[in-house]
Amino acid sequence: MMIAIGCDHGGFELKNRIEKHLEERGIEYKDFGTFDEKSCDYPDIAKAVCESIVSGDTDRGILVCGTGIGMSMAANKIKGIRAAHLTDVYSAKMTKVHNNANVICLGGRVTGEELAYMIVDSWLDAEFAGGRHQARIDKISALEK
Ligand code: RB5
């Protein structure tokens, strides 16, 4: 599995920590920036990460901004992306099991690193349940048309 990861200046520090966590777990990632704390625009990063997922170049994405909200708003505009803004572990698991979220969005100014690792792990380790949940996801896809 290849994870696409990206952040703006508000998520820079947490993105770096999450990358180390992924390395410790032996999970590969592609970093789409930003690469320093200079102010930048989160939609640009969300676009790059999400397009890599939709094209099949990467499998799933992690986006980090100050709150996680702007990243999720931008990511969910891209066809084929189901992005979940997360601040708790239960939702992290369930957004994979029920929504098959292919992107998660975290807030570097909101969520501490240890909780962030638990959120990332819960999402990565969960499995999509399919069945009636697939039918609901199909209805989300229909809204894109
Ligand atoms: C940047 O200051 C901040 O607005 C951004 O990181 C994010 O929180 C937007 O939702």
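One can find the structure itself at the top, above this paragraph.
Since this is a predicted model, take the numbers as computed values, not measurements. (Residues numbered from 1 in each chain as written. Predicted model: local features only at pLDDT ≥ 70, side-chain atom pairs only at ≥ 80, totals over all residues. Heavy atoms only, no water.)

(A) Inspection of the sheet that holds strand β1 (residues 2–7) at higher detail. Overall, parallel pairing links the five strands, which are arranged β2-β1-β3-β5-β4 in an open sheet. Each end of this open sheet is capped by a strand with a single partner; those strands are β2 (28–31) and β4 (83–85). Each strand axis lies, on average, 25 degrees off the axis of its neighbour in the sheet, ignoring direction. Alignment of strand β3 (residues 60–65) against strand β5 (residues 103–107), held across five bridges, turns out to be parallel. (Pairing = 2+ DSSP bridges. Helix = DSSP H or I, 4+ residues; strand = E, 2+ residues; numbered from the N terminus. Axes fitted to C-alpha atoms, helices over the stretch in contact; angles between N-to-C directions.)

(B) View of the pattern of salt bridges. A full pass over the atoms with the stated rule returns eight salt bridges. In this structure, D121 and R25 form a salt bridge, with 2.8 Å as the shortest nitrogen-oxygen distance. Here R25 lies in helix α1 (residues 12–25) and D121 lies in helix α5 (residues 113–125), a separation of 96 residues in the sequence. Residue R25 is classed as partly exposed on the basis of its relative accessible area, which comes to 34%. Across the salt bridge formed by E51 and K47, the nearest N and O atoms sit 3.3 Å from each other. One end of the pair, E51, and the other, K47, are both in helix α2 (residues 42–54), four residues apart, so they sit about a helical turn from each other. Here E51 falls in the partly exposed class, since its relative accessible area comes to 40%. A single salt-bridge network, built from bridges that share partners, covers E13, R17 and E113. (Salt bridge = Lys/Arg side-chain N within 4 Å of Asp/Glu carboxyl O. Buried < 20%, exposed > 50% of the residue type's maximum accessible area, 1.4 Å probe, protein only.)

(C) The arrangement of the site of the ligand in detail. D8, H9, Y42, C65, G66, T67, G70 and R109 make up every residue found near the ligand. The contact in question runs from an oxygen atom of the ligand to an N or O atom on the backbone of G70, over 2.9 Å. For the ligand, the protein covers 71% of the area, taking 290 Å² as the surface of the free molecule. Classifying every residue of the shell around the ligand gives two nonpolar, four polar and two charged. (Near = heavy atom within 4 Å. Polar contact = N/O pair within 3.5 Å; in protein donor to acceptor, adjacent residues only side chain to side chain. Areas by Shrake-Rupley, 256 points an atom, 1.4 Å probe, with all protein chains shown as cover. Nonpolar A, V, L, I, M, F, W, Y, C, P; charged D, E, K, R; others polar.)

(D) Quick peek at the packing of α1 against α5. Running from N to C, α1 and α5 point in directions that differ by 50 degrees, and their axes come no closer than 10 Å. Relative to α5, α1 is oriented oblique. The way α1 lies across α5 gives a crossing that is right-handed. From α1, L14, R17, I18, H21, L22 and R25 reach across to α5, where they touch E113, A116, Y117, V120, D121, L124 and D125. Here the contact of α1 with α5 is built from residues that sort into seven nonpolar, one polar and five charged. (Parallel < 35°, antiparallel > 145°, perpendicular 65-115°, else oblique. Left-handed = near helix turned anticlockwise from the far one by under 90°. Contact = heavy atoms within 4.5 Å.)

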